[in-house]
Amino acid sequence: MAEHVDNSDPKGESLMEKIADKFHGDDSSSDSDTETKKRAAKHEVEVAEPSSLKDKVWRLFGREKPVHKVFGGGKPADVFLWRNKKISATVLGGATAIWALFELLEYHLLTLICHILIITLAVLFLWSNATTFINKKPPHIPEVHIPEDPILQVASALRFEINRALALLREIASGRELKKFLAVIAGLWILSIVGSWCNFLTLFYISFVLLHTVPVLYEKYEDKVDPLAEKAMHEIKKQYAVFDEKVLSKIPRGPLKDKKRE
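Residues numbered from 1 in each chain as written. Predicted model: local features only at pLDDT ≥ 70, side-chain atom pairs only at ≥ 80, totals over all residues. Heavy atoms only, no water.

1. Quick word on the overall build of the protein chain
- The helix and strand inventory of the protein chain stands at 10 helices and zero strands.
- Reading the secondary structure of the protein chain in the N-to-C direction produces α-α-α-α-α-α-α-α-α-α.
- Within the span of the protein chain, comprising 262 residues, buried residues form 11% of the whole.
- The contacts in the protein chain between residues at least 6 apart in sequence include a share of 56% that link residues at least 24 apart.
- If you sum the accessible surface of the protein chain, you get close to 22,300 Å²; carbon and sulfur atoms cover 66% of it. (Helix = DSSP H or I, 4+ residues; strand = E, 2+ residues; numbered from the N terminus. Buried < 20%, exposed > 50% of the residue type's maximum accessible area, 1.4 Å probe, protein only. Contact = heavy atoms within 4.5 Å. Areas by Shrake-Rupley, 256 points an atom, 1.4 Å probe, with all protein chains shown as cover.)

What follows is the structure, encoded as structure tokens:
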């Protein structure tokens, strides 16, 4: 009996050892799985960090949308950014022809409209009467109507912008915003200098050309322009802080400004 008991003990011990090894193996596998998950999570964080830093890149004028979305994302944006080169070239060429016609050839708007109407009416009138002699159908002259909705939308948008400009001028004139006051005065002064160099039509044409060239060039080289613009903005803010400390802070504030600060 003693021998039987002695022979059974090694079997029991070996069985217990196998069960313990199994539990230890499960624990080690679970630990390895946990370490693998931690490494994977750390790798995802490291991968996500550059993209988040990329998203926080400084953009000109603090914009967060692409240039195409800034211009509305519709057909006008396609024209300004040369998505369709034929249409953009046609628009720019037509504007150049109009500017040359009025500025270089010194044509007048009323004279141009009258001459166009005379030629158009004469051609259509003669064509309509000639068809009775040559047995052909008269020309189809479509009915032209000005739609109401686009006119109302343009008028509403124009009214909103004018009201916002008037509110800004009123706020500046009341002596509340010195920074805006200086910016508007500087802008109007520069605009007056430019206006003394050329007339309104030439100024409008220059603005039109810039609108068709600067955005597309900026969109193409924005990664190079934005860092330079960021440095320039930091320098401007630095110089403005010095100017504010030495000059603007010494100017006595009005009662509205003091009341607002309190």
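That was the structure; now back to the text.
2. Some points on the UniProt feature "transmembrane region" (unreviewed entry) in the protein chain
- Per the UniProt annotation, the sites labelled "transmembrane region" (unreviewed entry) are residues 108-127 and 181-208.
- In this annotation, residues 108-127 is assigned 95% helix and 0% strand; the end-to-end C-alpha distance for the span is 29 Å.
- Within the segment residues 181-208, helix and strand shares are 93% and 0% respectively, and the terminal C-alpha atoms sit 27 Å apart. (UniProt positions renumbered as here; feature names shortened; annotations may be inferred.)

3. Structural notes on unusual backbone geometry
- Despite not being glycine, Trp82 has its phi angle at roughly 60°, a positive value.
- Structurally, Trp82 is set in the loop between α3 (75-80) and α4 (85-104).
- Positioned with a positive phi, Glu106 is a non-glycine residue whose angle comes to about 55°.
- Position of Glu106 relative to the elements: it lies in the loop between α4 and α5 (109-134).

4. Here we look at the packing of α4 against helix α8 (residues 200-220)
- At their nearest, the axes of α4 and α8 sit 11 Å apart, and the two run at 165° to each other. In terms of axis orientation, α4 runs roughly antiparallel to α8. For the pair α4 and α8, the crossing hand works out as left-handed. Here Val91, Leu92, Ala95, Thr96, Trp99, Phe102 and Glu103 of α4 lie close against α8, whose contacting residues are Leu201, Thr202, Tyr205, Phe208, Val209 and His212. (Axes fitted to C-alpha atoms, helices over the stretch in contact; angles between N-to-C directions. Parallel < 35°, antiparallel > 145°, perpendicular 65-115°, else oblique. Left-handed = near helix turned anticlockwise from the far one by under 90°.)

5. Details of the side chain of His212
- Mapped onto the elements, His212 comes out in helix α8.
- A distance of 3.0 Å separates the side chain of His212 from the backbone oxygen of Phe208, its partner in a polar contact.
- Other than its neighbours up to four places away in sequence, His212 contacts Val79, Phe80, Trp82, Val91 and Leu92. (Polar contact = N/O pair within 3.5 Å; in protein donor to acceptor, adjacent residues only side chain to side chain.)

6. Focus: a nonpolar patch on the surface
- Where nonpolar side chains cluster on the molecular surface, the patch consists of Phe181, Leu182, Ile185, Phe243, Val247 and Ile251 and spans about 470 Å² of accessible area.
- The biggest single contributor to the nonpolar patch is helix α7 (residues 178-197), with three residues.
- Within the element layout of this structure, Phe243 appears in helix α9 (residues 222-246). (Patch = residues over 30% accessible without salt bridge, like charges linked within 9 Å, V, L, I, M, F, W, Y side chains within 5 Å. Salt bridge = Lys/Arg side-chain N within 4 Å of Asp/Glu carboxyl O.)

7. Let's talk about α9
- When the terminal C-alpha atoms of α9 are compared, their 35 Å separation across 25 residues agrees well with the 36 Å that a helix rising 1.5 Å per residue should span.
- Looking at the buried positions of α9, the neighbouring elements they touch are α2 (67-70) and α8. (Expected span 1.5 Å × (residues − 1).)

8. With respect to the pattern of salt bridges
- Inspection of every chain in the model, using the stated rule, returns two salt bridges.
- One salt bridge connects Glu219 with Arg83, and the closest N-O pair in it is separated by 2.9 Å. With Glu219 in helix α8 and Arg83 in the loop between α3 and α4, this pair connects stretches of sequence that are 136 residues apart.
- Residue Arg83 is classed as partly exposed on the basis of its relative accessible area of 43%.
- A salt bridge links Glu161 to Arg164, with the nearest nitrogen and oxygen atoms 2.8 Å apart. Highlighted residues: Glu161 and Arg164, both in helix α6 (residues 148-173), separated by three residues, approximately one helical turn.
- For Glu161, a relative accessible area of 39% puts it in the partly exposed group.
- The class for Arg164 is exposed, based on a relative accessible area of 51%.

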